[in-house]
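# Overview (structure and organization)
Listed here are the chains, written in short residue letters.
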Amino acid sequence: MKPILDEIDNKILALLMDNARMPVTTIAKSVGIARTTVIARINALEKRKVIAGYGLKLNHTMYQPAVRAYVGLSIEARSVSHLIKVLQQLPEVESLCAVSGAIDYMLTLRCASTEVLDKLLDQIGSLEGVRQTSTSIILSKRIDRSSI
């Protein structure tokens with residue numbers, strides 16, 4: 001069952017997505033409710049698992065490995081679980097998404113250099129079950145609405 005959120009819950013969530021460390025008093029003033037009400041609502045959102053956790057968003061102008069890339073993977077269906085386990089062990093793997101279309105998965109990699117990326121792509125391409133890879137190096141982000 002999908003949780004039902006009212007306008008106040010949505011405002012609180014939007015503020016926390018912008019800054020998860022925002023003081024409760026600031027949230028209360030912005031939303032126009034009592035500080036204790038904000039605390040109760042945040043606790044309820046956590047208990048209902050609407051808020052699954054809190055994370056860290058890096059300032060990519062201050063900390064950014066030299067090379068990030070998107071890698072499309074076409075794989076054999078019987079190899080999916082094994083490949084996911086192997087990819088989870090690689091610290092350069094930022095995300096892996098199942099997608100529709102000509103490829104099966106989209107991988108985001110974060111590497112210190114093009115040399116590291118090249119070796120990693122060779123390693124991934126040689127994994128059993130990988131039929132094909134297609135790589136695009138990220139030059140810049142023009143829009144970034146990701147929470148982390």
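Read on for a plain summary of the structure. (Residues numbered from 1 in each chain as written. Predicted model: local features only at pLDDT ≥ 70, side-chain atom pairs only at ≥ 80, totals over all residues. Heavy atoms only, no water.)

### Here's the deal with empty space enclosed by the protein
Taken as a whole and assessed by the stated rule, the structure comprises one cavity of 30 Å³ or more. Looking at the largest cavity, its volume works out to about 60 Å³. Forming the walls of the largest cavity are Leu73, Ile75, Val80, Leu83, Ile84, Leu87, Leu96, Tyr105, Ile124, Leu127 and Val130. Elements that contribute at least two residues to the lining of the largest cavity include exactly β1 (67-75) and α4 (80-88). Looking at the lining of the largest cavity element by element, the count peaks at four residues for α4. Considering only residue class, the lining of the largest cavity consists of 11 nonpolar, no polar and no charged. (1 Å grid on protein atoms, 1.4 Å probe; cavity = no way out; pocket = protein on both sides within 12 Å on 5 of 7 lines; lining within 4 Å. Points joined across faces, edges and corners; volume = space filled by probe spheres on them. Helix = DSSP H or I, 4+ residues; strand = E, 2+ residues; numbered from the N terminus. Nonpolar A, V, L, I, M, F, W, Y, C, P; charged D, E, K, R; others polar.)

### As for the sheet that holds strand β4 (residues 130-137)
Note on sheets: strands pair through backbone hydrogen bonds, and any given pair is parallel or antiparallel. Strands sit in the order β2-β3-β1-β4 across an open sheet of four strands; the sheet is antiparallel. Strands with a single pairing partner mark the edges of an open sheet, and in this sheet they are β2 (93-98) and β4. Pairwise comparison of adjacent strand axes, ignoring direction, gives a mean angle of 20 degrees for this sheet. In this structure, β1 lies alongside strand β3 (residues 105-111), joined through seven bridges in antiparallel fashion. Residue pairing in the sheet places Val67 in a bridge with Cys111 of β3. (Pairing = 2+ DSSP bridges. Axes fitted to C-alpha atoms, helices over the stretch in contact; angles between N-to-C directions.)

### Some points on the nonpolar core
With 19 residues, the main nonpolar core has Leu73, Leu87, Leu107, Leu109, Leu117 and Ile124 as its most contacted residues. Of all the secondary-structure elements, those providing two or more residues to this core are β1, α4, β3 and α5 (114-125). Per element, the largest residue contribution to this core is five residues, and it comes from β1. Membership of the second largest hydrophobic core comes to 13 residues, among which are Leu15, Leu16, Met22 and Leu45. (Core = buried A, V, L, I, M, F, W, Y, C linked by side-chain atoms within 4.5 Å. Buried < 20%, exposed > 50% of the residue type's maximum accessible area, 1.4 Å probe, protein only.)

### Describing unusual backbone geometry
Positive phi outside glycine occurs at Lys49, with the angle close to 65 degrees. If you trace the backbone, Lys49 turns up in the loop between α3 (35-47) and β1.

### So, the environment of His82
Its location among the elements puts His82 in helix α4. When the C-alpha atoms of His82 and Gly129 are compared, they prove to be 8.8 Å apart, with 47 residues separating the residues in sequence.

### What to know about the packing of helix α1 (residues 7-18) against helix α2 (residues 24-31)
Here α1 crosses α2 at 135 degrees, and the two axes come no closer than 10 Å. The angle between α1 and α2 places the two elements in the oblique class. The way α1 lies across α2 gives a crossing that is right-handed. Seen from α1, the contacting residues are Ile8, Lys11, Ile12, Leu15 and Leu16; seen from α2, they are Ile27, Ser30 and Val31. Taken together, the residues of the contact of α1 with α2 break down into six nonpolar, one polar and one charged. (Parallel < 35°, antiparallel > 145°, perpendicular 65-115°, else oblique. Left-handed = near helix turned anticlockwise from the far one by under 90°. Contact = heavy atoms within 4.5 Å.)

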